[in-house]
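Observations on the model geometry
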Amino acid sequence: MKLSDLVEELSLEVKSCKDGLDNEVKGAYVSDLLSDVMGNSTDGDAWITLQTHLNIVAVAGLKNLAGIIIVGNRPVQDEIRQKAESENVTILVTPLTTFETAGKLYQLLK
Amino acid sequence: MKEFKADLHIHTCLSPCAELDMSPLAVVNKASGKGIDIIAVTDHNSAENVLAAQRAALDTDLTVLAGMEISSSEEAHILALFNKVETAIALQDIVYSNMLPGENDEKMYGEQIVANEYDEVLGFNKRLLIGGTLLPAQDVLNTIHSLGGLAVASHIDKEVFSIISQLGFITEDMGFDALEMSRNMERNTAEITFQMYNSYAWISSSDAHHPEDIGKRTVSFFIQEPTIEEMSLAFKNIDGRKVEWE
């Protein structure tokens, strides 16, 4: 499944790097602790988080994640969008909670 | 240059997780008795016991810095250090208007006692000091600096409530003046584990919540006088100022 399929299925708002919508989603990881994501996420995961600190961009790039899904319509600052654009990291936003997002994604990916 | 022994991270009975016998006066007496020259009173998201500690230390050789340990919205702990209580209270005003809603549950978290310099209880703080604030870490740093204070990343080696546990890593852009290691971290181990941060000044402190913990870890500042300005020079290794710990 591609990131673009998730955008359609979950009505996600694309905040950065449309080019990344072709990325293959191999799985998903849910965590708000960046140290945990750095340690335990895997290549190609969609990362579900409420964290909107600038460092999420570097973590997603470092771990080669498929994209970041920000829950609860949390605002993504311009600075983060610009950084994500230049680092080719796709950020998506949903009004859903973490629980709802993960549940739907699990159904789609299992 | 004079050597000043400093423990820059001490909680009082205002912090819900600290013991009731950590009154401002008791903290000052204990620190003085241990030969410490500088302490910072750093309660969680509040500076209401700073004045009492500074007053209690008036007739001693101990310098009490006005501090606070702020929980950012990402639940990273950041130490703010100032010379004057007024500045810490200015920061407190900002923190208080950005608190998570809710009252402290004394049974669950412990009492939050505001005391004076004579060990008399002035009142109980009802705010949820143990919780996070709504202030993102970068806003916390920028606010501390705009007030002329020093910002130190608390216990970066801890797996909870540290800037590294919460945000993965530290960047130069964040603007920390120093990084703190918790009191059990050996210098040798820190130099290996945190080698990538060796351009920063490191401190280590007791993070005392109990009287017997005060001064369990100290650092030595080689500075002219015990002020934030001199400590800032020490953090930058400027003009012969420096900070050391073993």
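Predicted model, so just to flag it, every value in this text is computed and none were measured.

Side note on the overall build of chain A
- Helix and strand counts for chain A come out as five helices and five strands.
- Listed N to C, the secondary structure of chain A is α-β-β-α-β-α-β-α-β-α in terms of helices and strands.
- Against the 2.2 N^0.38 benchmark of 13 Å for 110 residues, chain A shows a C-alpha radius of gyration of 12 Å, consistent with a compact globule.
- Expressed as a percentage of its 110 residues, the buried residues of chain A come to 40%.
- Across chain A, contacts joining residues at least 24 apart in sequence account for 49% of those joining residues at least 6 apart.

What about the nonpolar core?
- Counting 105 residues, the largest nonpolar core has Ile68 of chain A together with Ile78, Ala80 and Val152 of chain B as its most contacted members.
- Residue contacts for Ala80 of chain B: discarding those within four places in its chain leaves Gly67, Met68, Ile70, Leu91, Ile144, Gly149 and Ala151 of chain B.

Considering the pairing of strand β10 (residues 219-223) of chain B
All names here are of chain B.
- Because side chains alternate across β10, one face comprises the buried residues Val219, Phe221 and Ile223, and the other comprises Ser220 and Phe222, none of which is buried.
- In terms of strand pairing, β10 meets strand β11 (residues 242-244) through three bridges, oriented antiparallel. Residue pairing in the sheet places Phe222 in a bridge with Lys242 of β11.

A look at the interface of chain B and chain A
- Across the boundary between the two partners, chain B contributes nine residues, which contact eight residues of chain A.
- Tallying contributions element by element places helix α6 (residues 163-167) of chain B first for the side of chain B that touches chain A, with four residues.
- Its residues assigned to classes, the side of chain B that touches chain A comprises five nonpolar, three polar and one charged.

Brief notes about the sheet that holds strand β3 (residues 45-49) of chain A
All names here are of chain A.
- In space, the five strands of this open sheet follow the order β1-β5-β4-β3-β2, with mixed pairing throughout. The open sheet terminates on both sides in strands that have one partner only, identified here as β1 (13-16) and β2 (27-30). Taking each pair of neighbouring strands and ignoring which way they run, the sheet shows an average axis angle of 25 degrees.

Conventions we followed
- Residues numbered from 1 in each chain as written.
- Chains lettered and ligands numbered in written order.
- Predicted model: local features only at pLDDT ≥ 70, side-chain atom pairs only at ≥ 80, totals over all residues.
- Helix = DSSP H or I, 4+ residues; strand = E, 2+ residues; numbered from the N terminus.
- Rg over C-alpha atoms; globule rule 2.2 N^0.38 Å.
- Buried ≥ 20, exposed ≤ 12 C-beta atoms within 10 Å, placed from the backbone.
- Contact = placed C-beta atoms within 7 Å.
- Core = buried A, V, L, I, M, F, W, Y, C linked by C-beta atoms within 7 Å.
- Pairing = 2+ DSSP bridges.
- Nonpolar A, V, L, I, M, F, W, Y, C, P; charged D, E, K, R; others polar.
- Axes fitted to C-alpha atoms, helices over the stretch in contact; angles between N-to-C directions.

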